[in-house]
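Summary of structural features
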Amino acid sequence: MANKRTLKHAIRLVCDELFAECVAASLYGPKNIDENFEALLNSIVKMQDNYISRVCHPEPGMPAAKYFRDLKEKFYAEIDDLVNQINNQ
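Now for a description of the structure that goes with this document. (Residues numbered from 1 in each chain as written. Predicted model: local features only at pLDDT ≥ 70, side-chain atom pairs only at ≥ 80, totals over all residues. Heavy atoms only, no water.)

Some words on the packing of helix H1 (residues 4-28) against helix H2 (residues 34-56)
Note the cut-off: In this analysis, axes come from line fits to C-alpha atoms, helices being fitted only over the stretch in contact, and the angle between any two N-to-C directions falls in the range 0 to 180 degrees. Each helix is a run of DSSP H or I of at least 4 residues and each strand a run of E of at least 2, with the numbering of both proceeding from the N terminus. Each angle receives one of four descriptions, namely roughly parallel if under 35 degrees, roughly antiparallel if over 145, roughly perpendicular if within 65 to 115, and oblique otherwise. Residues are grouped as follows: nonpolar covers Ala, Val, Leu, Ile, Met, Phe, Trp, Tyr, Cys and Pro; charged covers Asp, Glu, Lys and Arg; every other residue, Gly included, is treated as polar.
Running from N to C, H1 and H2 cross one another at 180°; their axes reach a closest spacing of 10 Å. Considering the angle they form, H1 stands roughly antiparallel to H2. The class makeup of the residues in the contact of H1 with H2 is 18 nonpolar, 2 polar and 4 charged.

Written as structure tokens, this is what we have:
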């Protein structure tokens, strides 16, 4: 596991890129679905806050390696879901 600072930085970078892609898709895509993009933008911001706070405060009683592996897997799954939603707009 990398240190927590590196992991938080990576989460921020990925969320920033997702946010930028969503804004670009909303600007260059169909104009009638702005509420969907606003909901996606809100979910990206909430996801970033959630995972940053989970990195800072790991679950007690769970081995660190297992906790952070599970955290990364859930983060990747949520990213994949958001990317699919952006592509389907």
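Next comes the rest of the write-up.
What about the environment of Asn84?
For clarity, the threshold we go by: Categorising residues by exposure relies on relative accessible area from a 1.4 Å probe, with only protein chains included: less than 20% of the type maximum marks a residue as buried, more than 50% marks it as exposed, and the intermediate range marks it as partly exposed.
Within the secondary structure layout, Asn84 lies in helix H3 (residues 64-87). Classification of Asn84 by relative accessible area gives partly exposed; the value is 37%.

Description of H2
Test applied: In this scheme, a helix's expected span is set at 1.5 Å multiplied by one less than its residue total. Working rule for contacts: check all heavy atoms of both residues, and any pair within 4.5 Å makes them a contact.
Look at H2: 33 Å from first C-alpha to last across 23 residues, which is about the 33 Å you get at 1.5 Å a residue. Taken residue by residue, H2 has Phe37, Leu40, Leu41, Ile44, Met47, Gln48, Tyr51, Ile52, Arg54 and Val55 as its buried positions. Summarising the contacts, the buried residues of H2 are in contact with H1 and H3.

A look at the nonpolar core
Our working definition: Throughout this description, the term nonpolar core refers to a set of buried Ala, Val, Leu, Ile, Met, Phe, Trp, Tyr and Cys residues connected via side-chain atoms within 4.5 Å.
One finds Ile11, Leu18, Cys22, Met47, Leu71 and Phe75 to be the most contacted residues of the largest nonpolar core, which totals 21 residues. Within the residue set of this core, elements represented by two or more residues are H1, H2 and H3. The leading source of residues in this core is H2, at 8 residues. Sequence-distant contacts of Cys22, that is, excluding residues within four places in its chain, are made with Phe37, Leu40, Leu41, Ile44 and Ile86.

What about the pattern of salt bridges?
Between side chains of opposite charge, a pair can form as their charged atoms come close. This is how it is decided: Salt bridge criterion: a side-chain nitrogen from Lys or Arg within 4 Å of a carboxyl oxygen from Asp or Glu.
This model, assessed by the stated rule, comprises 1 salt bridge. Its salt-bridge partner being Lys74, residue Asp70 comes within 3.2 Å of it at the nearest N-O pair. Here Lys74 and Asp70 lie together in helix H3, a separation of 4 residues that amounts to about one turn. Since its relative accessible area comes to 24%, Asp70 is described here as partly exposed.

With respect to the environment of Ser26
We apply this condition: Counted as a polar contact is a pair of N or O atoms within 3.5 Å, where, for protein atoms, one must be capable of donating a hydrogen and the other of accepting one, and residues adjacent in sequence contribute only when both atoms are in side chains.
Within the fold, Ser26 resides in helix H1. Sequence separation between Ser26 and Val14 is 12 residues; the distance between their C-alpha atoms is 18 Å. The contact partners of Ser26, leaving out residues within four places of it in the chain, are Lys31 and Phe37. Looking at Ser26, its side chain comes within polar contact range of the main-chain oxygen of Val23, at 2.7 Å.

Everything listed here is a matter of coordinates, which is why it stays silent on function.
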